[in-house]
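These are the residues of each chain, in order.
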Amino acid sequence: MKLVIANPSPYARKARVALNEKGIAHDIVMDIPWAPETVAPANNPLGKIPILLLDDGSVIHDSSVIVQYLEIVYPEPALLPADPMRRLEHRKIEVLADGICDAVVLIALEGNREPERRSTDWVTRQTAKIEAGLARLSERLGEQTWFLDDAMGIADIAAACALGYLGVRAGKLEWRDRHPNLSAFSDRMEDRPSFQVSVPYSQPIPRFR
Ligand SMILES: N[C@@H](CCC(=O)N[C@@H](CS)C(=O)NCC(=O)O)C(=O)O
């Protein structure tokens, strides 16, 4: 199987970490969904990565659906608990983490518009979502090692990918001092081999009018 990713994407990183944590053999296809030569629209009508290309020709897109697929076909090690209500709790934290990333992406895109077209109100609105999202993540984690129960799951992976992404696209936020528990959690997660092979770096985004 092949995973189409862009290096900085936290959503792609989530899928990539899941593949590596489960020890699933895969190839990485590096893509830039903003570039004219992107392969994303040919495989996903939404033109977004990550996209999982299976050997039988089928295609799965959206990081959470990719993880769900991996969980069904490669159940060990489990990244979601067996209990449906506990699974829901993982998904709630995943959605929160992804929502933080969505707001970071929207701010980055806004910053790429021509200066006279940029909206400070929009940036303020998105920044509030990031701050509130981080406060909720911090509250949910508390002093625990993992967000839920006693094992790493998709909640932890998604949260760590979001925190890692802040370093790439939102360096000025200074969230670490305000949320030392998230800071220590992020450092712990970044030490894992699955995170080490997927360290994000900044990639230019083209200017939209
Ligand atoms: N909900 C999607 C979000 C994916 C997403 O927004 N990917 C970005 C890269 S970080 C993308 O491909 N954007 C290209 C575009 O919006 O045209 C997921 O979790 O996979």
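Residues numbered from 1 in each chain as written. Predicted model: local features only at pLDDT ≥ 70, side-chain atom pairs only at ≥ 80, totals over all residues. Heavy atoms only, no water.

Caption draft 1: Local environment of the overall build of the chain. Helices and strands together make up the secondary structure of the chain, namely 9 helices and 4 strands. Counted from the first residue to the last, the chain has its helices and strands arranged as β-α-β-α-β-β-α-α-α-α-α-α-α. Since a compact globule built from 209 residues should have a radius of gyration of about 17 Å, the 17 Å found for the chain is in line with a globular shape. Along the first, second and third principal axes, the C-alpha set of the chain runs to 50 × 45 × 30 Å. Relative to its 209 residues, the chain shows a buried fraction of 48%. Look at the contacts in the chain between residues 6 or more apart in sequence, and 68% of them connect residues 24 or more apart. (Helix = DSSP H or I, 4+ residues; strand = E, 2+ residues; numbered from the N terminus. Rg over C-alpha atoms; globule rule 2.2 N^0.38 Å. Buried < 20%, exposed > 50% of the residue type's maximum accessible area, 1.4 Å probe, protein only. Contact = heavy atoms within 4.5 Å.)

Caption draft 2: Spatial organisation of the sheet that holds strand β2 (residues 27–30). Taken in spatial order, the 4 strands line up as β2-β1-β3-β4 in an open sheet, and their pairing is mixed. Edge positions in the sheet fall to β2 and β4 (59–61), since each of these pairs with one other strand and no more. In this sheet, neighbouring strand axes are inclined to one another by 20° on average, regardless of whether the strands run parallel or antiparallel. Across 4 bridges, the pairing between strand β1 (residues 2–5) and β2 is parallel. Following the sheet pairing, K2 is matched in β2 by D27. Together, β1 and β2 form the strand contacts of helix α1 (residues 10–21), whose direction differs from that of β1 by roughly 155°. Helix α3 (residues 63–73) rests against β1, β3 (51–53) and β4 of the sheet, and its axis sits at about 125° to β4. (Pairing = 2+ DSSP bridges. Axes fitted to C-alpha atoms, helices over the stretch in contact; angles between N-to-C directions.)

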